[in-house]
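One-letter residues, chain by chain:
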Amino acid sequence: MTDQPIGEKLPAAIEQPYQYRRRTLVEPDWTRFPGWTGATAEDWASAQWQRAHCVKNVKQLREVVGDRLHESFYEDLASDMERAATMSMLLPPQMLNTMVPDIEDTTPGSWTDAFYADPVRRYMLPVLSDRRTDWPSHPFATRDSLHEHDMWAVEGLTHRYPTKVLAELLSTCPQYCGHCTRMDLVGNSTPTVDKRKLSLKPVDRQTAILDYLDAHPGVRDVVVSGGDVANLPWKNLERFLDRLLDIETIRDIRLATKALMGLPQHWLQDEIVEGMARVAKRAAGQGVNLAIHTHINHANSVTPAVAKAAAAMLDAGVRDVRNQGVLMRGINDTQADLLDLCFAMQGEANILPYYFYMCDMIPNAEHWRTSVAQAQDLQTAIMGYLPGYATPRIICDVPMVGKRWVHQLSEYDRELGISYWTKNYRTSIEADDPDALTRRYPFYDPIDTLPKAGQGWWANMHPPARVAEDGNAAAAKSREAVARHDEAAIDTGV
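If you look the chain up in an unreviewed UniProt entry, it shows as Lysine 2,3-aminomutase from Glycomyces buryatensis. Under the UniProt heading Cofactor (unreviewed entry), the note attached to the chain is "pyridoxal 5'-phosphate".

How do you make sense of the overall build of the chain when you look at a structure like this?
When helices and strands are counted, the chain shows 17 helices and 13 strands. For a compact globule of 494 residues, the expected C-alpha radius of gyration is about 23 Å, and the chain comes in at 23 Å, within 12% of that figure. With the principal axes as the frame, the chain shows a C-alpha extent of 70 × 65 × 55 Å. Residues classed as buried in the chain amount to 57% of the 494 residues present. Put simply, of all contacts in the chain between residues at least 6 apart along the chain, 76% involve residues at least 24 apart.

Looking at this structure, how should I read the sheet that holds strand S13 (residues 441-444)?
Backbone-to-backbone hydrogen bonds pair the strands of a sheet. The strands run either parallel or antiparallel. Spatial ordering of the open sheet is given by S11-S12-S13, a layout of three strands whose pairing is antiparallel. This sheet does not close on itself; its edge strands, each paired only once, are strand S11 (411-413) and S13. Put simply, the sheet's adjacent strands are angled 20 degrees from each other on average, direction ignored. Sheet topology note: the S11/strand S12 (residues 418-421) ladder contains three bridges and is antiparallel. In the sheet register, Tyr412 faces S12, and the bridge partner there is Ser419. This element, helix H15 (residues 372-382), spans S11, S12 and S13 of the sheet and lies at about 120 degrees to S11.

Teacher, can you tell me more about the sheet that holds strand S7 (residues 320-327) here?
Ordered in space as S1-S2-S3-S4-S5-S6-S7-S8-S9-S10, the 10 strands form an open sheet in which the pairing is mixed. Lying at the two open borders of the sheet, with one neighbouring strand each, are strand S1 (152-154) and strand S10 (402-405). When strand S9 (residues 393-398) meets S10, the two strands line up antiparallel, connected through four bridges. In the sheet register, Ile395 faces S10, and the bridge partner there is Trp405. The strands touched by helix H14 (residues 335-349) within the sheet are S7, strand S8 (352-358) and S9, with S8 carrying the most contacts at an inclination of about 145 degrees. With respect to the sheet, H15 is in contact with S7, S8 and S9, its orientation differing from that of S9 by roughly 155 degrees.

How should I be thinking about helix H9 (residues 234-245) in this particular structure?
It helps to recall that an α-helix has 3.6 residues per turn; residues three or four apart then point in one direction. Over its 12 residues, H9 extends 16 Å from the first C-alpha to the last, a length consistent with the 16 Å expected when each residue adds 1.5 Å. Inspection of H9 places Trp234, Asn236, Leu237, Glu238, Phe240, Leu241, Leu244 and Leu245 among the buried residues, and these make up the whole buried set. Lining the buried residues of H9 we find helix H8 (202-215), strand S4 (221-225), strand S5 (252-256) and helix H12 (270-285).

I tried to follow the pairing of S8 on my own but got confused; where do I start?
Looking along a regular strand, one sees side chains alternate from face to face of the sheet. In terms of residue burial, S8 counts as a mostly covered element, since six of its seven residues are buried. As judged from the six bridges shared by S7 and S8, these two strands associate in the parallel manner. What sits directly across from Arg322, in S8, is Leu352. Taken together, S7, H14 and S8 constitute a β-α-β crossover, and its handedness is right-handed. Note: S8 against S9, three bridges, orientation parallel.

I keep staring at the packing of helix H3 (residues 58-65) against helix H4 (residues 71-83) and nothing clicks. Help me out?
Between two packed helices, both the angle of their axes relative to each other and the distance between the axes serve to describe the pair. At a minimum axis distance of 10 Å, the contact between H3 and H4 shows a crossing angle of 155 degrees. Considered as vectors, H3 and H4 are oriented roughly antiparallel to each other. Note on packing geometry: the crossing formed by H3 with H4 is right-handed. Judged by residue contacts, Val58, Leu61, Arg62 and Val65 of H3 engage Glu71, Phe73, Tyr74, Leu77, Ala78 and Met81 from H4. Tallied by class, residues from the contact of H3 with H4 come to eight nonpolar, no polar and two charged.

Help me understand the side chain of Asp80, please; the structure alone is not making it clear to me.
If you trace the backbone, Asp80 turns up in helix H4. Judged by its relative accessible area of 1%, Asp80 falls in the buried class. Within the structure, the side chain of Asp80 is placed 2.5 Å from the side chain of Arg131, a separation counted as a polar contact. Each residue touching Asp80, except ones within four places of it in the same chain, is listed here: Ala85, Pro126, Val127, Leu128 and Arg131.

How do you make sense of the domain arrangement of the chain when you look at a structure like this?
Interfaces are often sized by the amount of accessible area the parts lose when they come together. Per the domain assignment, the segments of the chain are domain 1 (46-136 + 469-492) and domain 2 (148-461). Tallying the contact residues gives 42 residues for domain 1 and 59 residues for domain 2. Across the interface of domain 1 and domain 2, roughly 4200 Å² is buried in total on both sides, 59% from carbon and sulfur atoms. Among the residues domain 1 hides against domain 2, the three largest losses belong to Met87, Tyr123 and Trp135. Together they make up 19% of the total. Linking domain 1 with domain 2 are one salt bridge, by the criterion used here. Between Arg132 and Asp448 there is a salt bridge; the shortest N-O distance is 3.3 Å. Linking domain 1 to domain 2 there are 18 residue pairs in polar contact (both at pLDDT 80 or more). Of all the secondary-structure elements, those providing two or more residues to the side of domain 1 that touches domain 2 are helix H2 (47-52), H4, helix H5 (93-96), helix H7 (119-124) and helix H17 (471-492). The biggest single contributor to the side of domain 1 that touches domain 2 is H17, with 10 residues. Partitioned by chemical class, the residues of the side of domain 1 that touches domain 2 number 20 nonpolar, 11 polar and 11 charged.

I'm lost on unusual backbone geometry in this one. Help?
With glycine set apart, most residues show a phi of negative sign, and most peptide bonds adopt trans. That bond from Gly226 to Gly227 is cis: its omega, 20 degrees, falls within 30 degrees of zero. Structurally, Gly227 can be placed in the loop between S4 and H9. Look at His147: it is not a glycine, yet its phi comes out positive at around 60 degrees. Along the chain, the position of His147 falls in the loop between H7 and S1. Even without glycine at this site, Asn364 takes up a positive phi of about 60 degrees. Inspection of the secondary structure assignment puts Asn364 in the loop between S8 and H15.

Rules behind the numbers
Residues numbered from 1 in each chain as written. Predicted model: local features only at pLDDT ≥ 70, side-chain atom pairs only at ≥ 80, totals over all residues. Heavy atoms only, no water. UniProt positions renumbered as here; feature names shortened; annotations may be inferred. Helix = DSSP H or I, 4+ residues; strand = E, 2+ residues; numbered from the N terminus. Rg over C-alpha atoms; globule rule 2.2 N^0.38 Å. Buried < 20%, exposed > 50% of the residue type's maximum accessible area, 1.4 Å probe, protein only. Contact = heavy atoms within 4.5 Å. Pairing = 2+ DSSP bridges. Axes fitted to C-alpha atoms, helices over the stretch in contact; angles between N-to-C directions. Expected span 1.5 Å × (residues − 1). Right-handed = clockwise from strand over helix to strand, strands pointing away. Parallel < 35°, antiparallel > 145°, perpendicular 65-115°, else oblique. Left-handed = near helix turned anticlockwise from the far one by under 90°. Nonpolar A, V, L, I, M, F, W, Y, C, P; charged D, E, K, R; others polar. Polar contact = N/O pair within 3.5 Å; in protein donor to acceptor, adjacent residues only side chain to side chain. Domains from an automatic or database assignment. Buried area = accessible area lost by both parts, 1.4 Å probe. Salt bridge = Lys/Arg side-chain N within 4 Å of Asp/Glu carboxyl O.

Shown next, in the form of structure tokens:
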């Protein structure tokens, strides 16, 4: 190999489908919002101030944004809350501030178009005109699309995988995402969804969860979630984690909190940082892997405050801060969107890109969902740019099956948008099912993404328009649909 001759030009950069450019994280100026012109840096850094100034309804949004949004936007938002929203509105200032971060115009109505187009707004503050009018919900969408409640071993403890459980300690979050997969339980009821309620007292629920884990040594991995653990008083969370660490068979503990991004001020409080250091020290001493899983869907959400919160948790001794995002149309469904986000997290905030889940089959979510084919294309498109350990897997969480890489399907009818999946373990509600490991389980693409023939096939089925209330009934209807599809395929040659 020879050295480059002095004075000779270096070869030009190769043109690539995606060209990496390092982008420095920026905290948008919150004083651009009329309602926050007097908020100081000290205010903004306060978790209490952030919680006290959350936007919970149209009136409060109008107080913050004012006439920068046209009245038609507020009407659109109000209509969605009344007719379609599965989650109530709850936006911390930190999260609202990442919407339209570069806008400078102050004239009446000048923010409206940018707000409609903003990717963070599209999933955190949905409006009725976002949603589809042809197929607002898939015919087989369900309130608890992953059957988590059906798999409760005790209240709040979903035992879905052989060695892993999900502990839902509470049903609230510091912020509510429009696409929440746990919309059946989490948050306040809306005009369209009467939420399920936890019945046990928190201390009794936690005791029942811990007793179950103590009695089932085959479980080694616990995701501590809700809701969001940031809404649990720290002393209560630390007490639960200490008792969890008393169980010798538990080797992995993951704390699920979108608030690391939506309310990073919470995780920067002295009480939290010092408490996390105590828990992390004990976990490390016992050889237990302690990690935080957050939920970031767009690069605009990764700000210096988020990076600071992640650094505080890592410095406290947490092994990893990882991201489990959701793949959604109009938000992060392009190669550039995903790679920009991953580089912002991995390169600037030390947050490991881990998973991107396909949006689940919940009611009124078809405008967010992507097809399996698009997810496969995106997985291919992001390969080779990021370090291997920081290249996220795009996941289809198949009802009754669990997490599967999008290329793991066994069969895929792209015309009808039905993919078929198999599995290698029984869920907790299939203990006596002899066919659980040989059955093919279906998953459905959004109908509007199908070719005309496929859309026509679904329209001719005339499936029930209303969302199925019972998860088992929905699963039965799903199997019936597959059977009809198989019969139709034989009859028509599809």
